Amino acid sequence: MLTISVEYLTGYAIATHPADRDRPEWPPHPARLFMALVATLFETGSSNIELKAVQWLEHINAAPEIFASDADHRSEVIQYVPVNDKLYPNGTSLPIMRRRQPRGFPRVRPHDAAAHFCWKTAKPSSEILTALNELCAKVTRLGHSASLVHMWATDASPITSPLHDHLVPDDLAFDYQLRIITPGCLEELRRRFRAEDAADYERRT
């Protein structure tokens, strides 16, 4: 068994639903959890064992069960943020010099701040489990940068509360449609991260 748990430290989850920018994503999708782990892997330096652990997770070939409470949708506040990656004629790309555009950041307040992802048939080795737990400990957010979390991995059943709903994967169910982890995700995320391009940009600026 593998359980990855997420605690929202501020009591809020801030993430945009992939099908609608005006809606929050809740419960958190397994693919979002995986993307947070991979982003942390790339940003902190991919050790061989942590990379091996993420590859192992990618190939479990089963969606996890999710234990997450219901959540209250909060009023959306429109904020004006700089346009990303825009270089102006004067050569500057400083945020203070960029044009601003309106953005909303949908959020929810879960009734229980912890959510759990459980792969009941998974059998991680002690080495893989330790690496996943160490990688989880380095994850700071799930979703928006203000969606601060604490994460950990165990080989035990999650400690749930009466507030949690139990979501079980079912190909014929339509209550929730969640993005899941599939083989090839890691390579696609590696391509999108463009670490070599970022390093080259840093050298030239």
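Just above sits the structure.
Residues numbered from 1 in each chain as written. Predicted model: local features only at pLDDT ≥ 70, side-chain atom pairs only at ≥ 80, totals over all residues. Heavy atoms only, no water.

Caption draft 1: Up close: the nonpolar core. Counting residues in hydrophobic clusters, the biggest one holds 41 residues, and the most contacted among them are Leu2, Ile4, Leu57, Trp119 and Met151. Going through the elements one at a time, strand E1 (2-8), helix H1 (30-44), helix H2 (48-58), strand E5 (65-69), strand E10 (114-119), helix H3 (126-138), strand E11 (149-154) and helix H4 (185-193) are the ones with two or more residues in this core. Of all the elements, H1 adds the most residues to this core, at 7 residues. With residues near it in sequence (within four places) discarded, Ile4 still touches Leu33, Leu37, Leu57, Ala115, His116, Phe117, Trp119, Cys136, Met151, Trp152 and Ala153. (Core = buried A, V, L, I, M, F, W, Y, C linked by side-chain atoms within 4.5 Å. Buried < 20%, exposed > 50% of the residue type's maximum accessible area, 1.4 Å probe, protein only. Helix = DSSP H or I, 4+ residues; strand = E, 2+ residues; numbered from the N terminus. Contact = heavy atoms within 4.5 Å.)

Caption draft 2: Representation of the sheet that holds strand E2 (residues 13-14) in the model. Taken in spatial order, the 3 strands of this open sheet run E2-E9-E6, and their pairing is antiparallel. Both outer strands of the open sheet, E2 and strand E6 (71-73), are each paired with one neighbouring strand and no more. As judged from the 2 bridges shared by E2 and strand E9 (residues 107-110), these two strands associate in the antiparallel manner. Paired with Ala13 across the strands is Val108, a residue of E9. (Pairing = 2+ DSSP bridges.)

Caption draft 3: Highlighting the pattern of salt bridges. Across all of its chains, the model carries 9 salt bridges by this definition. Where Glu187 meets Arg190, a salt bridge forms, and the shortest distance between an N and an O atom there is 3.5 Å. Here Arg190 and Glu187 lie together in helix H4, a separation of 3 residues that amounts to about one turn. Residue Glu187 is classed as exposed on the basis of its relative accessible area, which comes to 51%. (Salt bridge = Lys/Arg side-chain N within 4 Å of Asp/Glu carboxyl O.)

Caption draft 4: The sheet that holds E5, seen in detail. Across the sheet, which stays open at both edges, the 5 strands sit in the order E11-E1-E10-E5-E12 with antiparallel pairing between neighbours. On the outer flanks of this sheet lie E11 and strand E12 (164-167), each paired with one strand and no other. Between one strand and the next, the sheet's axes are offset by a mean angle of 15 degrees, whatever the strand orientation. Inspection of the sheet shows E1 paired to E11 by 6 bridges, in the antiparallel sense. Each bridged residue has a counterpart across the sheet, and for Glu7 the counterpart in E11 is His150. Most of the contacts of H3 go to E11, to which it runs at about 175 degrees, and overall it touches E1 and E11. (Axes fitted to C-alpha atoms, helices over the stretch in contact; angles between N-to-C directions.)

Caption draft 5: Structural view of the pairing of strand E4 (residues 20-24). The pairing of strand E3 (residues 16-17) with E4 spans 2 bridges and is antiparallel. Opposite His17, over in E4, you have Asp20 as the bridge partner. Where E3 folds back on E4, the antiparallel hairpin that results is connected by 2 residues.

Caption draft 6: Broad picture of the side chain of Asp112. Here Asp112 is to be found in the loop between E9 and E10. There is no salt bridge for the buried Asp112, and the closest opposite charge comes from Arg109, which lies 11 Å off by N-O distance. For Asp112, the residues in contact, after removing those within four places along its chain, are Ser69, Ser161, Leu163 and His164. (Lys, Arg positive; Asp, Glu negative; His and termini not counted.)

Caption draft 7: Region of interest: the pairing of E1. A large share of E1 lies buried, amounting to 6 of its 7 residues. With 6 bridges connecting them, E1 and E10 associate as antiparallel partners. Among the inter-strand pairings, Thr3 is bridged to a residue of E10, identified as Cys118.

Caption draft 8: View of the environment of Pro162. With respect to the element layout, Pro162 can be found in the loop between E11 and E12. For Pro162, a relative accessible area of 87% puts it in the exposed group. For the pair formed by Pro162 and Asp112, sequence separation is 50 residues and the distance between their alpha carbons is 9.4 Å.

Caption draft 9: Region of the structure containing unusual backbone geometry. The residue after Trp26, namely Pro27, is reached through a cis peptide bond having omega 0 degrees. On the secondary structure map, Pro27 appears in the loop between E4 and H1. The phi dihedral of Asn61 falls on the positive side, at around 65 degrees, and the residue is not glycine. For Asn61, the location among the structural elements is in the loop between H2 and E5. Among the residues examined, Asn61 registers a relative accessible area of 68% and is labelled exposed.

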